[in-house]
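Coordinates in review
One letter stands for each residue in the lines below.
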Amino acid sequence: MVFPTGAHPLYPLFHPRSVAVIGATNNITKWGYSTFSSIKSAYKGELYPVNNRADKVLGMTAYPSIKAVPGEVDLAVIVVPSQTVVEVMRDCAQKGVKAAVVISAGFAEIGPTGQALQDEMMRVARKGGIRVVGPNCMGMWSAEADLPAFMFPMSISDGPLALVSQGGNIGSALVSNAHARGIGFRQYISCGCTADIQIEDYIEYLGNDDSVKVIMVYIEGLSDGRRFVEKVAPVTKKKPVVALKPGKTDAAKLAITSHSGSMAGRDAVYDAALRKAGVLRTNTTLAMLDVAIALLFQPLPQGRNVVIITPGGSYGVMCADACA
């Protein structure tokens, strides 16, 4: 079986026919246990645990390396110490893996040493033609593949929303809050340090998925603001993109660098870029989810043509502020 002719480069990430979890373990205290448990709970494709110290993981035959897996592997989920990720990525390239989710931390977010390790990982990945989510992320979800490739099990279901988040915990909270309201996600990506696939690449891909009605995005930093605008502006003409971008204070900017390895930049510049791209900016996670859900139930706004109907003047005043 092959992927569709002319399929998008990210197609194997969201439609994997087979998944290997490198670092899967029976040790309940390790992230490799909870990650493998999460995927095993729902994924119906070929699933391979990779562990060089165990014959079986959660009752499934384990393999000492991804190169020992008998079948093809489309997606590798990597949960091993950062110092071994480059070697693992080299094995993935030799195996012909098409995409990888690197949950492991200890890369750009820790400084120059981690950045050098991240650069070497990406050199190997690019040479092998592997698209990479992360590193330092909490995983991803694809409703199409019924794939909860999360760092730990989360309640999530299929639905009309999509979420791209540089913050894993914020992403998890948004997913949980939406699930409690009965709203699901077609795709969710915790993109972490965005060493390879950039936020705008995900948005562009999701923009062409007709099953996604509203795209939510939590941004800590962008590597190329001009590229973001060029790729996202065509999407916002078709469907809403709602963003949360912190970093208005110096303290927050420092926190962003140590969290995702991103450069926060001037808030006014980001605000202008988001406006130019047609992205709706919100200030809290609750507001982002509220706006996204509201936009699910109405046509894409075509301009400044809002009518406010209110039982009292004060509500009209607040609505006018919100619209502006």
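Please refer to the structure placed before this passage.
Let us look at the structure shown here. (Residues numbered from 1 in each chain as written. Predicted model: local features only at pLDDT ≥ 70, side-chain atom pairs only at ≥ 80, totals over all residues. Heavy atoms only, no water.)

So, the pattern of salt bridges
Per the counting criterion, the structure on display carries 17 salt bridges. Where Asp271 meets Arg281, a salt bridge forms, and the shortest distance between an N and an O atom there is 3.1 Å. Of this pair, Asp271 sits in helix H9 (residues 267-277) while Arg281 sits in strand E14 (residues 280-282), and the two are 10 residues apart along the sequence. Among the charged side chains, a network of salt bridges with common partners joins Arg17, Glu72, Asp74 and Lys98. (Salt bridge = Lys/Arg side-chain N within 4 Å of Asp/Glu carboxyl O. Helix = DSSP H or I, 4+ residues; strand = E, 2+ residues; numbered from the N terminus.)

What about the packing of aromatic side chains?
A complete count under the given rule lists five aromatic pairs for this structure. Ring centres of Trp31 and Phe152 lie 6.3 Å apart, and the angle between their planes is 40°; this geometry places the pair in the tilted category. With Trp31 in helix H2 (residues 31-40) and Phe152 in the loop between strand E9 (147-150) and strand E10 (161-165), this residue pair connects regions lying 121 residues apart in the sequence. Between the aromatic rings of Phe150 and Tyr188, the centroid separation amounts to 5.9 Å while the plane-to-plane angle is 45°, which identifies the pairing as tilted. With Phe150 in strand E9 and Tyr188 in strand E11 (residues 185-190), the pair connects residues that are 38 residues apart, well separated along the chain. By relative accessible area, Phe150 is classed as buried at 1%. Over the aromatic face of Phe3 sits the side chain of Arg17, whose NZ or CZ is 4.0 Å from the ring centroid. In this structure, Lys245 packs its charged tip against the face of Tyr270, placed 4.5 Å from the ring centre. (Phe/Tyr/Trp six-rings, centres within 6.5 Å; stacked < 30°, edge-to-face > 60°. Buried < 20%, exposed > 50% of the residue type's maximum accessible area, 1.4 Å probe, protein only. Lys NZ or Arg CZ within 6 Å of the ring centre and 35° of its normal.)

Looking at helix H3 (residues 85-95)
Considered for burial, the residues of H3 that qualify are Val85, Val86, Val88, Met89, Asp91 and Cys92. Backbone geometry just downstream of H3 places Gly96 in the positive-phi region, at approximately 90°.

Describing the packing of helix H5 (residues 168-180) against helix H10 (residues 285-296)
Relative to each other, H5 and H10 sit at 45°, their axes nearing to 11 Å. Between H5 and H10, the angle falls in the class oblique. In this structure, H5 crosses over H10, and the sense of that crossing is right-handed. Listed contacts from H10 to Ile170, Leu174, Asn177 and Ala178 of H5 are Thr285, Leu286, Met288 and Leu289. (Axes fitted to C-alpha atoms, helices over the stretch in contact; angles between N-to-C directions. Parallel < 35°, antiparallel > 145°, perpendicular 65-115°, else oblique. Left-handed = near helix turned anticlockwise from the far one by under 90°. Contact = heavy atoms within 4.5 Å.)

Details of H10
Here H10 contains 12 residues, and its C-alpha end-to-end distance of 17 Å stays within 8% of the 16 Å for a straight helix at 1.5 Å per residue. Of all the positions in H10, only Met288, Leu289, Ala292, Ile293, Leu295 and Leu296 are classed as buried. Seen end-on, H10 carries its buried residues on one side only, within an arc spanning 160°. Check the buried side of H10 and you find it contacts E10, H5, strand E12 (214-218), strand E13 (241-244) and E14. (Expected span 1.5 Å × (residues − 1). Arc of directions from axis to C-beta.)

Quick notes on the environment of Pro70
Along the polypeptide, Pro70 turns up in the loop between strand E4 (60-61) and strand E5 (75-78). Setting aside chain neighbours within four positions, we find Pro70 in contact with Tyr48, Tyr63 and Lys95.

Re the pairing of E11
In terms of burial, E11 is a largely internal element, six of the six residues being buried. This β-α-β element, E10 to H5 to E11, shows right-handed connectivity. (Right-handed = clockwise from strand over helix to strand, strands pointing away.)

Section: the side chain of Thr25
Relative to the elements of secondary structure, Thr25 occurs in the loop between strand E1 (18-22) and H2. Within the local environment of Thr25, its side chain forms a polar contact with the backbone nitrogen of Asn27, the two atoms lying 3.0 Å apart. Apart from residues lying up to four places away in sequence, Thr25 is in contact with Lys30, Gly32, Tyr33, Asn51 and Val57. (Polar contact = N/O pair within 3.5 Å; in protein donor to acceptor, adjacent residues only side chain to side chain.)

Notes on the sheet that holds strand E6 (residues 99-102)
Read from one edge of the open sheet, five strands run E2-E1-E5-E6-E7, paired in parallel fashion. Edge positions in the sheet fall to strand E2 (46-50) and strand E7 (131-133), since each has one partner strand and no second. Between one strand and the next, the sheet's axes are offset by a mean angle of 20°, whatever the strand orientation. Taken together, the five bridges between E1 and E2 define a ladder with parallel strand orientation. Counted as the bridge partner of Ser18 is Glu46 from E2. (Pairing = 2+ DSSP bridges.)

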